[in-house]
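Chain residues, written in single-letter form:
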Amino acid sequence: MQPIYILLLIVAYFGILLTIAYFTGKNDSNDTFFKANKKSPWYVVAFGMVGASLSGVTFISVPGWVASSQFSYMQIVIGYLFGYLTIAYVLLPIYYKLEVTSIYEFLKHRFGTVSHKTGAFFFFVSRVLGASFRLFLVASVLQYFMFDAWNVPFEITVILSILLIWVYTFKGGIKTIVWTDTLQTIFMLFAVIATISIILTKLNWSLSEIFSSEEFNNYSQIIFNEDFNDKKHFLKSFLGGMFIAIAMTGLDQDMMQKNLTCKNTKEAQWNVISLGIVLIFVNFVFLTLGALLFIYAEKFGIQIPLVDGNAKTDLLFPEIALNGGLGLTIGFIFILGLIAAAYSSADSALTSLTTSYCIDFLDIETKEKSKQKSIRKKTHIVISIVLVLVIIIFKYVLEDNVISSLLQVASYTYGPLLGLFAFGIFTKFNIHDKFVWIVAIISVIATYFLNDYSKELFNGYIFGYELLIVNGIFTFIGLLFLKKSK
């Protein structure tokens, strides 16, 4: 596929997003930017959150993960559903009762200023890294298949990607994103389903023949429960998925900011529960696509792309879509799905980081009314620059599959949030607030070393995504030592 075609598609796509931004950003107020005036229809939020939850990482990296992990990711996804139920009936009622703009204001109500800042700090680090992972993946694909042909440096690709997001979010913020996410989810799901259909036609298979074929069965094992030491073991993956959902959605300002734009608690609960159910089916479709990609590559002799001499399975989907002999149509469909998946997550990350920094660190609501909008806009620019710098750094340090790297980092950065919120919700203890940040840092360090030496300490045991739970437990125990005597 010619690079110029990709560029024209991106220009047309962003033209649509800017049109949506024009109508949703007319009221350029902080209340609109942060809360969407509390008027978002729950079903619109729920559908849009499918795209935001999946992102460009799922679109490319989950199919690419199938060769090494088969369908084991479904064990994590099943855990997600139980995590979403916890969010709906434990966390959302608390957030709505306190009428928070940033969910980390709960920690201020419960413990004090230091706990509030500590929670917000770990979110900030988590979301900067998470958003950067996602955008790095997309920028890498655009670089490999388009900008390299024009000798455009990777750094320029990244700057352009962030600039485009900034342009359509700087006025409407979360109100714009609720509606652009809906459009982007449609494009992303259409791209996956259309790609599956085109590959099946090329393979001369019907839909039913996929699941009965020997080739598909080589990739499609879901349940892994033979070796408890294996990081893919069902119980570890299920519990890890459950707590990843609680932490990366329920304790994440990015995801919860959209929920808090719903009119009331009940509508927000409908949103979260429906999201958990839909994600089970959608992720299964993504994994099915992954199996088909590897089957297609084997049948037609397509090699996994190499980056710096290393095979990158994350690039197999784009390689087949753009250079796999399936025609120009699938190339357009892939690029449309890719940019939709990527930007549906990245745009909300930029907005939520701006919101959190303004509310949690700058205390914007205590500033002069005349200066509040200006503070928000300057913060929006600074956060954009931070994302650019982190993505560029990833080019030189990231080696693993991106979805795997993302979930590993989440185990460290979201663990203290899990422990802080659990302690605040399930105990009535007051603590010495000024030492909370020390507990959080020690918990991360202890978790890192436990993971690093797990084979030696636990007879070959390898931590999976349940490491997040361990991190949360360390934080919870540490907070017990800060308990105030009555």
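One can find the structure itself at the top, above this paragraph.
Residues numbered from 1 in each chain as written. Predicted model: local features only at pLDDT ≥ 70, side-chain atom pairs only at ≥ 80, totals over all residues. Heavy atoms only, no water.

## Description of the environment of Phe 123
With respect to the helices and strands, the residue Phe 123 is situated in helix α6 (residues 113-145). Spatially, the C-alpha atoms of Phe 123 and Met 248 are 9.2 Å apart, while their sequence positions differ by 125 residues. Setting aside residues no more than four positions away along its own chain, Phe 123 makes contact with Tyr 104, Asp 252, Gln 253, Asp 254, Ser 352, Leu 353, Ser 356 and Leu 417. (Helix = DSSP H or I, 4+ residues; strand = E, 2+ residues; numbered from the N terminus. Contact = heavy atoms within 4.5 Å.)

## Overview of the pattern of salt bridges
Counting across every chain of the model gives five salt bridges. Here Asp 363 ties to Lys 117 by a salt bridge, and the two come within 3.8 Å at their closest N and O atoms. Highlighted residues: Asp 363 in the loop between α15 (328-361) and α16 (369-397) and Lys 117 in helix α6, separated in sequence by 246 residues. Between Asp 252 and Arg 127 there is a salt bridge; the shortest N-O distance is 2.7 Å. Highlighted residues: Asp 252 in the loop between α11 (234-250) and α12 (253-259) and Arg 127 in helix α6, separated in sequence by 125 residues. Classification of Asp 252 as buried rests on a relative accessible area of 0%. Because the salt bridges share partners, they merge into one network encompassing Arg 127, Asp 252 and Asp 254. (Salt bridge = Lys/Arg side-chain N within 4 Å of Asp/Glu carboxyl O. Buried < 20%, exposed > 50% of the residue type's maximum accessible area, 1.4 Å probe, protein only.)

## Thoughts on the nonpolar core
By size, the foremost hydrophobic cluster in this structure holds 145 residues, and its most contacted members are Phe 59, Tyr 95 and Phe 334. Sort the elements by how many residues they give to this core and helix α13 (residues 265-300) lands first, with 16 residues. Excluding its chain neighbours within four sequence positions, the residues that come into contact with Phe 59 are Met 188, Ala 191, Val 192, Phe 286, Phe 317, Phe 334, Gly 337, Leu 338 and Ala 341. With six residues, the next largest nonpolar core counts Leu 450, Tyr 461, Phe 463 and Leu 467 among its residues. (Core = buried A, V, L, I, M, F, W, Y, C linked by side-chain atoms within 4.5 Å.)

## Thoughts on α6
For α6, which comprises 33 residues, the first-to-last C-alpha distance of 48 Å matches the rise-based estimate of 48 Å (1.5 Å per residue) to within 8%. Summarising burial for α6: 26 of the 33 residues are buried, a large majority. (Expected span 1.5 Å × (residues − 1).)

## Digging into the layout of surface pockets
The volume enclosed by the second largest pocket comes to roughly 260 Å³. Lining the second largest pocket are 17 residues; nearest its centre among them are Phe 243, Ile 246, Leu 418, Ala 422 and Phe 426. No other element matches the six residues that helix α18 (residues 415-426) contributes to the lining of the second largest pocket. Class assignment of the residues belonging to the lining of the second largest pocket gives a composition of 14 nonpolar, three polar and no charged. (1 Å grid on protein atoms, 1.4 Å probe; cavity = no way out; pocket = protein on both sides within 12 Å on 5 of 7 lines; lining within 4 Å. Points joined across faces, edges and corners; volume = space filled by probe spheres on them. Nonpolar A, V, L, I, M, F, W, Y, C, P; charged D, E, K, R; others polar.)

## Focus: the side chain of Thr 195
Here Thr 195 is to be found in helix α8 (residues 174-203). With near-sequence residues (within four places) excluded, Thr 195 lies in contact with Leu 289, Phe 317, Ile 330 and Ile 333.

## Quick notes on the packing of aromatic side chains
One pass over the structure, following the stated rule, counts 29 aromatic pairs. Here the aromatic rings of Phe 111 and Phe 423 are separated by 6.1 Å at their centres, their planes lie at 45°, and the arrangement is tilted. In this pair, Phe 111 sits in the loop between α5 (105-110) and α6 while Phe 423 sits in helix α18, placing the two residues 312 residues apart along the sequence. There is no split in this pair, since Phe 111 and Phe 423 are both buried. (Phe/Tyr/Trp six-rings, centres within 6.5 Å; stacked < 30°, edge-to-face > 60°.)

## Considering helix α19 (residues 436-452)
With 17 residues, α19 ought to run about 24 Å at 1.5 Å a step, and its terminal C-alpha atoms sit 25 Å apart, in line with that. Here α19 has its buried residues at Val 436, Val 439, Ala 440, Ser 443, Thr 447 and Leu 450. Along the axis of α19, the buried positions cluster into a sector of 100°, meaning they face one direction only. (Arc of directions from axis to C-beta.)

## Structural notes on the packing of α13 against helix α14 (residues 316-323)
Close contact between α13 and α14 brings their axes to 10 Å; oriented N to C, the two are set at 60°. As the angle between them shows, α13 and α14 are arranged oblique. Crossing of α13 against α14: the hand is left-handed. When α13 is examined against α14, the residues Leu 289, Leu 293, Phe 294, Tyr 296 and Ala 297 are found in contact with a partner set consisting of Leu 316, Phe 317 and Ile 320. For the contact of α13 with α14, the residue count by class is eight nonpolar, no polar and no charged. (Axes fitted to C-alpha atoms, helices over the stretch in contact; angles between N-to-C directions. Parallel < 35°, antiparallel > 145°, perpendicular 65-115°, else oblique. Left-handed = near helix turned anticlockwise from the far one by under 90°.)

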